[in-house]
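Residue strings, one per chain:
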Amino acid sequence: MRIVLILNVFRHLPNFWKNSSYVLVILLLSPIVMLITSSFQNNIETWLHIFDTKLFIYFYNTFFLILGVGVLSIIIGVSCAWIVAKYKFFLSNFIEWGLLLPAAIPAYIVAYCYTDFLEYGGVIQTTLREIFNWHSSKEYFFPEIRSITGAILILSFSLYPYIYFITKVAFTSTPKNLFNVAKIHSKSEFLYVALPMARPAIIAGLSLVLMETISDFGTVEFLAVETVTLGIFNLWLGMNNFSAASQLSFLAFTFIIVLLGIELSARKNRKFNNPQASSFESKNEEISFNKSLILFLTCLLPILFGFVIPVLILINLSFQSFDQSNFITFVEISLNSISVSFFGAFLTILISFIIVVAVKYHGSKKFSFVATIAGSGYAFPGVILALATTFFLSFIQNNINELLINFNLNWNLTLIGTFTALLYTYICRFNAIGVGYINSGIERVSANLLEAGRLQGVSFEKSLFKIIFPLIRPSILTGFLIVFVDIFKELPVTLLLRPFNFETLATFVYQYAKEEMLEQCALAALLIIIIGIIPVFILNKTINMSFEKQ
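Sequence positions are assigned chain by chain, starting from 1 and proceeding in written order. In view of the model being predicted, local features appear only for residues whose pLDDT reaches at least 70, and side-chain atom pairs are presented and counted only at 80 or more, with totals across whole chains, interfaces and linings using the full set of residues. Processing note: side-chain calculations cover all non-hydrogen atoms of the structure and skip hydrogens and water entirely.

Undergrad: Help me get a handle on the overall build of the chain, residues and values and all.
TA: Regarding its fold elements, the chain presents 23 helices and 0 strands. Within the chain, the proportion of its 550 residues that are buried is 51%. For the chain, the exposed area adds up to about 27100 Å²; of that, 65% sits on carbon and sulfur atoms. Only DSSP runs of H or I reaching four residues or more are called helices, and only runs of E reaching two or more are called strands; each is numbered from the N terminus. Throughout this description, buried means an accessible area under 20% of the type-specific maximum (1.4 Å probe, protein chains only), exposed means over 50%, and partly exposed covers the range between. Only the protein chains shown count as covering a residue, and every accessible area follows the Shrake-Rupley method with a 1.4 Å probe.

Undergrad: Got a sec to walk through the packing of aromatic side chains? Specific residues and values, please.
TA: Centres within 6.5 Å make a pair out of two Phe, Tyr or Trp rings, where for Trp the six-membered ring is used; the pair is then stacked when the planes are under 30 degrees apart, edge-to-face when over 60, and tilted otherwise. Using the criterion set out here, one finds 20 aromatic pairs in the structure. Judged by centre distance (4.7 Å) and plane angle (45 degrees), the rings of Phe-217 and Phe-233 are tilted. With Phe-217 in the loop between α10 (189-215) and α11 (218-222) and Phe-233 in helix α12 (residues 228-238), this residue pair connects regions lying 16 residues apart in the sequence. The buried category is assigned to Phe-217, whose relative accessible area is 2%. Consider the rings of Phe-392 and Tyr-424, whose centres lie 6.1 Å apart with planes at 35 degrees: the pair is tilted. One end of the pair, Phe-392, is in helix α17 (residues 382-406); the other, Tyr-424, is in helix α18 (residues 419-443), with 32 residues separating them in the sequence. Just as Phe-392 is buried, Tyr-424 falls in that class too. Members of the aromatic cluster, each reached through a chain of ring pairs, are Phe-342, Phe-343, Phe-480, Phe-484 and Phe-488.

Undergrad: Please set out empty space enclosed by the protein residue by residue, giving values where relevant.
TA: Of the grid points, spaced at 1 Å and generated over the protein atoms alone, those admitting a 1.4 Å probe that cannot get out make up cavities, while open sets with protein on both sides within 12 Å along at least five of seven lines make up pockets; any residue with an atom within 4 Å of a point is treated as lining. Grid points are joined across faces, edges and corners, and a volume is the space filled by probe spheres set on the points. Summed over all chains, the structure comprises 1 cavity of 30 Å³ or more. In this model, the largest cavity occupies a volume close to 50 Å³. Taken together, Thr-62, Leu-65, Ile-66, Thr-213, Ile-214, Asp-216, Val-220, Thr-227, Val-228 and Thr-229 make up the lining of the largest cavity. The set of elements that each furnish at least two residues to the lining of the largest cavity consists of α4 (55-86), α10 and α12. Considering each element in turn, the lining of the largest cavity owes the most residues, 3 residues, to α4.

Undergrad: I'd like to hear about the environment of Phe-537, residue by residue, with values.
TA: Position of Phe-537 relative to the elements: it lies in helix α23 (residues 522-549). Between the C-alpha atoms of Phe-537 and Leu-101, which are 436 residues apart in sequence, the distance is 9.0 Å.

Undergrad: Can you tell me about unusual backbone geometry, naming the residues and giving the values?
TA: Residues other than glycine seldom take positive phi values, yet Leu-91 does so here, at roughly 55 degrees. Relative to the helices and strands, Leu-91 is located in the loop between α4 and α5 (92-98). Judged by its relative accessible area of 43%, Leu-91 falls in the partly exposed class. One non-glycine residue, Asn-133, lies in positive phi territory at about 60 degrees. Residue placement: Asn-133 occurs in the loop between α7 (123-132) and α8 (148-173).

Undergrad: Go over the nonpolar core, please, and point to the residues and values.
TA: Nonpolar core, defined: a set of buried Ala, Val, Leu, Ile, Met, Phe, Trp, Tyr and Cys residues in which side-chain atoms within 4.5 Å join the residues together. The biggest cluster of nonpolar side chains holds 154 residues, and the ones touching the most others in it are Ile-95, Leu-99, Ile-109, Tyr-112, Leu-314 and Phe-353. With near-sequence residues (within four places) excluded, Ile-109 lies in contact with Leu-314, Val-509, Ala-525, Ile-528 and Ile-529. Between two residues, a contact is recorded if the distance between any of their heavy atoms is within 4.5 Å.

Undergrad: Which residues make up a nonpolar patch on the surface, and what values go with them?
TA: A grouping of Phe-56, Ile-57, Tyr-60, Phe-63, Phe-64, Leu-67, Val-71 and Ile-75 is seen on the molecular surface, where their side chains present a nonpolar patch of about 780 Å² in accessible area. Here Leu-67 is to be found in helix α4. In this structure Leu-67 comes out as partly exposed when scored by relative accessible area, which is 43%. Only residues whose relative accessible area exceeds 30% and that take part in no salt bridge are eligible for patches, with like-charged residues grouped when within 9 Å of each other and nonpolar side chains (Val, Leu, Ile, Met, Phe, Trp, Tyr) grouped when within 5 Å. Should a side-chain nitrogen of Lys or Arg be within 4 Å of a carboxyl oxygen of Asp or Glu, the pair is scored as a salt bridge.

Structure representation (structure tokens):
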């Protein structure tokens, strides 16, 4: 009721919703614009130094990292999606949602776990040395986890759910009459029907995997794999060169835009079948017990490597190092994470709601396009977006302080290193999620409902909050939870922009893991995973409900 009263104060202002959304969109786009503008500055000496030292390494590692992660993620995601969609096997219902669980663990936590487990002083190598009486690493060969190969494996087992989930939906939605045609002509159902029909979904999932790979900071930094993202971080904080970092960011941004374009194109063309056609003949093929066991073990491997083993490692370390005297500190840091995630998610959803309403009921096609572009922050690596918002806010901060000095006011406005900067960056990064979920909900509501209220003399704001808001409440809540979890797990943005002496669970885990003290932060890492499971259940429940309605 208070929200309606507040909005009624503004409803007499001309085009309140549209003008407000224009201001918000400009604020969301400003960091990106500033980043692009700053990239045109002259840094020849810095670039000559980078070119002679690290530039080739950055691009070489980034290229092979995305190539390896892309190929391995497709193999895992597509094969598991086909097995789950096609066959009914031992514990297939458990496997179906269990394959989504690795998405609950941030890749950097998986990297911390496996490094602690597999490195020279870890359990595996220590046990091998005791069994075979080896005294040093020179007496045997063991793969190095801190390598580009290790990064590829860890990121693949963390990111394949992006491909698995959307490909499984594509397989399940394929009309069974197409499979019957393949059977009649003795052709492979997978190669000649399922794979071609799911190609847009696979490309869309792959684009997301590659964007997440480029965006990754915690994993590559911990495993000492020098990628473009890590290079941006080093230029910014190591060499204190904003403009050179923004130039390297612009190069990464160009590649990300290409991936985003591919993903949007694939999404646009994702439907190749008649929605009225009968759906996939799911999980009704009879198979032998041996084949059932093989399929179960095949699908179980990604769950083991991507979720079960890291969680067991953290549980074991938590029991070994639990210290009741540090529990209060742990609770304080947990409350920090919950509070900043809550306020970040609340503001993100509020702004997304205003933009969606303005686009739906007051916007033109041009404004709709601009509002969509405002959500591009989600495609940016956290390091790049943190750099962009820092550059923009420092520009605002300096100009306002100069203006105040001209009026003999020494207020010294501070934006950098405050919660304002942190929350602002969260909103720029995650508003695309809020817009997506709220828009999906509001698109299902008939425009006639709002018009009926207007015809009866009810104000737009009252009709909106009395009629439309209750109908889209589930979409708003879902969007809020997804944004909450993403902020809760976010590392680079929080690490770079947090206020002094402010720790979240993500930064707390990072600080200890970096010092090879994973046991001291294992409990915090477990809590991040528990919170991360929330969107997994939401996604699984949403897709199951959608197929039940068909």
